[in-house]
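Here's the letter readout for the chains.
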Amino acid sequence: MWTSKVSRFLQVAILIVATVHLTGMVLVKFGKFHIHPVDTQVDNSSAIHRLPECIVIGVRKGGTRALLDMINLHSQVKIAKAEVHFFDIETNFHLGLEWYKSQMPKTMPGELAIEKSPSYFVTESVPQRIFAMNPQILLLLVLRDPVTRLISDYTQIMYNHLERGRTFKSFEELVFFPNKSVNTGYEAVAKSIYVQYIHRWMHFFPKNQIHIVNGDRLIHQPWHELRKVEQFLGLPLQIEKNDFFFNSTKGFHCLKKKTSSNPELHCLTKSKGRAHPNITDETKTRLRKFYAQFNYDLYNVVDRDFGWPEE
Ligand SMILES: Nc1ncnc2c1ncn2[C@@H]1O[C@H](COP(=O)(O)OS(=O)(=O)O)[C@@H](OP(=O)(O)O)[C@H]1O
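This structure is a prediction, so every number in the text was calculated from the model and none was measured.

What counts as what
Residues numbered from 1 in each chain as written. Predicted model: local features only at pLDDT ≥ 70, side-chain atom pairs only at ≥ 80, totals over all residues. Helix = DSSP H or I, 4+ residues; strand = E, 2+ residues; numbered from the N terminus. Buried ≥ 20, exposed ≤ 12 C-beta atoms within 10 Å, placed from the backbone. Contact = placed C-beta atoms within 7 Å. Near = placed C-beta within 6 Å. pLDDT = per-residue confidence, 0-100. Axes fitted to C-alpha atoms, helices over the stretch in contact; angles between N-to-C directions. Parallel < 35°, antiparallel > 145°, perpendicular 65-115°, else oblique. Left-handed = near helix turned anticlockwise from the far one by under 90°. Nonpolar A, V, L, I, M, F, W, Y, C, P; charged D, E, K, R; others polar. UniProt positions renumbered as here; feature names shortened; annotations may be inferred. Arc of directions from axis to C-beta. Pairing = 2+ DSSP bridges.

A.B. asks: What should I look at first to understand the overall build of the protein chain in this one?
C.D. replies: When helices and strands are counted, the protein chain shows 12 helices and 10 strands. Out of the 311 residues belonging to the protein chain, those deemed buried represent 29%. Counting contacts in the protein chain only where the partners sit at least 6 residues apart, residues at least 24 apart contribute 72% of the total.

This is the structure:
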């Protein structure tokens with residue numbers, strides 16, 4: 001009688017302990033509850049500069065700033081505020097890895113440092129240099145419709161000239177030769193031929209280390225793209241639709257940063273999301289036809305169809 005009471009008591013106790021343990025595991029797995037260094041009473045002084053475990057490698061005008069600021073909403077991510085350009089600018093590269101590390105945000109164990117330098121993607125020497133630093137590194141690449149990216153790139157250069165009081169050639173003059181064929185010698189045209197650069201990266205890194213963010217979806221539904229980035233980085237899922245608000249004046253989503261009890265609202269600077277010059281439908285169609293084959297080649301190489309318009 002006495003022994004059967006003890007054994008019944010033990011069975012109930014084991015059941016309670018197992019239920020609590022399992023519930024905890026499920027909550028952690030689905031990101032409802034995070035065991036995070038910042039949540040616990042850890043001494044912040046142990047935060048140090050570390051090399052990044054993830055780099056946003058480009059592409060220029062793909063939405064790299066938006067991506068970096070958005071992933072920074074995650075409590076386990078710290079970002080380098082300015083573009084570092086360590087691997088693509090020789091004078092920086094020669095300062096060595098200790099200099100590079102010093103440009104990174106301080107992180108605690110379990111936190112990820114991320115930097116973005118959009119020209120890494122197109123600079124020949126960069127994949128090998130990053131591989132030499134860390135062959136396991138995770139790479140994020142934002143790609144958007146090549147024609148929109150080209151127009152965005154041109155717009156940026158145009159504004160830079162106009163701000164300095166200089167005149168600037170029209171889009172058509174730069175993008176087409178007089179016989180109307182596409183001028184691939186114009187850098188902004190070449191940078192939208194993504195497939196010619198991705199090969200170099202895939203020579204060094206397996207596909208599962210390169211995650212491509214859809215830059216067009218990043219504009220319209222950033223939370224979907226951020227969810228995939230969190231999964232790629234192995235982070236607990238935290239970033240939600242509610243972390244964004246649509247700013248109708250800007251025409252883009254801005255962020256609600258959870259730095260205090262009242263979220264701080266943050267939109268990208270005015271150099272992002274500026275009005276593009278009017279480009280005729282005829283010009284866009286000609287460019288779309290030009291990029292179509294390169295886009296197919298890219299879809300084949302990365303096993304993913306981005307569905308960019310073909311005309
Ligand atoms: N939320 C939000 N707010 C503002 N802008 C956004 C956003 N999401 C994506 N984008 C798009 O990002 C484009 C700029 O890309 P990058 O940051 O990669 O440019 S850069 O290469 O660093 O100069 C920028 O291109 P432009 O529209 O030509 O300015 C935007 O279209």
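A.B. asks: Help me understand the site of the ligand in this model?
C.D. replies: The ligand sits among 19 residues. The nearest are Thr64, Arg65, Ala66, Ser152 and Phe252. If you list the elements that add at least two residues to the shell around the ligand, you get α2 (64–71), α6 (146–163), α10 (215–220) and β9 (252–257).

A.B. asks: What is the right way to read the confidence of the model for the protein chain from this model?
C.D. replies: Mean pLDDT over the protein chain: 88, with 85% of residues reaching 70 or higher. Counting interchain partners and residues more than four positions distant, the pLDDT-below-50 stretch residues 12–42 has 20 contacts. We note a pTM of 0.86 for the whole complex and an ipTM of 0.99 for its interfaces.

A.B. asks: Honestly, the packing of helix α9 (residues 195–204) against helix α12 (residues 281–302) in this entry has me stumped. Any pointers?
C.D. replies: Geometry of a packed helix pair, given as the angle between the helix axes and the separation of the axes. At their nearest, the axes of α9 and α12 sit 9 Å apart, and the two run at 20 degrees to each other. By the angle between their directions, the pair α9 and α12 is classed as roughly parallel. The handedness of the crossing between α9 and α12 is left-handed. Contact with α9, carried on its side by Val195, Ile198 and Met202, involves Phe294, Asp297, Leu298, Val301 and Val302 of α12 and no other residues of that element. Looking at the contact of α9 with α12, its residues break down into seven nonpolar, no polar and one charged.

A.B. asks: Just to check I follow, could you spell out the UniProt feature "binding site: 3'-phosphoadenylyl sulfate" (unreviewed entry) in the protein chain for this structure?
C.D. replies: Residues annotated in UniProt with the feature "binding site: 3'-phosphoadenylyl sulfate" (unreviewed entry) correspond here to Lys61, Gly62, Gly63, Thr64, Arg65, Arg144, Ser152, Lys272, Gly273, Arg274, Ala275 and His276. Topologically, Lys272 is positioned in the loop between β10 (264–266) and α12. As for its placement among the helices and strands, Gly273 is situated in the loop between β10 and α12. Taking the number of C-beta atoms within 10 Å as the measure of exposure, Gly273 has 18 and is therefore partly exposed. Setting aside residues up to four positions removed in sequence, Gly273 forms contacts with Lys250, Gly251, Phe252 and Leu268.

A.B. asks: What's the story with the environment of Ile48 in this structure? I'm lost.
C.D. replies: Inspection of the secondary structure puts Ile48 in strand β1 (residues 48–49). The exposed category is assigned to Ile48, around which 11 C-beta atoms lie within 10 Å. On a C-alpha basis, the gap between Ile48 and Tyr197 in space is 34 Å, while along the polypeptide they are 149 residues apart.

A.B. asks: Just to check I follow, could you spell out helix α5 (residues 126–133) for this structure?
C.D. replies: Along an α-helix, a turn takes 3.6 residues, which lines up residues three or four apart on a common side. Looking at α5, one finds that the buried residues are Val126, Pro127 and Ile130. All buried residues of α5 fall inside an arc of 100 degrees around its axis, so they share one side. Away from the buried face of α5 by more than 90 degrees, exposed residues Gln128 and Ala132 are located. Along its buried surface, α5 packs onto β2 (54–58) and α9.

A.B. asks: Would you mind going over the sheet that holds strand β6 (residues 138–143) with me for this structure?
C.D. replies: Within a sheet, adjacent strands bond to each other through the backbone by hydrogen bonds, running parallel or antiparallel. Spatial ordering of the open sheet is given by β3-β5-β2-β6-β7, a layout of five strands whose pairing is parallel. Each of the sheet's edge strands pairs with one partner strand only, and the pair in question is β3 (77–79) and β7 (210–214). Averaged over all pairs of adjacent strands, the angle between their axes in this sheet comes to 25 degrees, without regard to strand direction. Summarising the sheet, β2 and strand β5 (residues 112–116) pair through three bridges and their orientation is parallel. Paired with Cys54 across the bridge in β5 is Ile114. Sitting on the sheet, helix α11 (residues 222–233) is in contact with β2, β5, β6 and β7, with an inclination near 170 degrees to β7.

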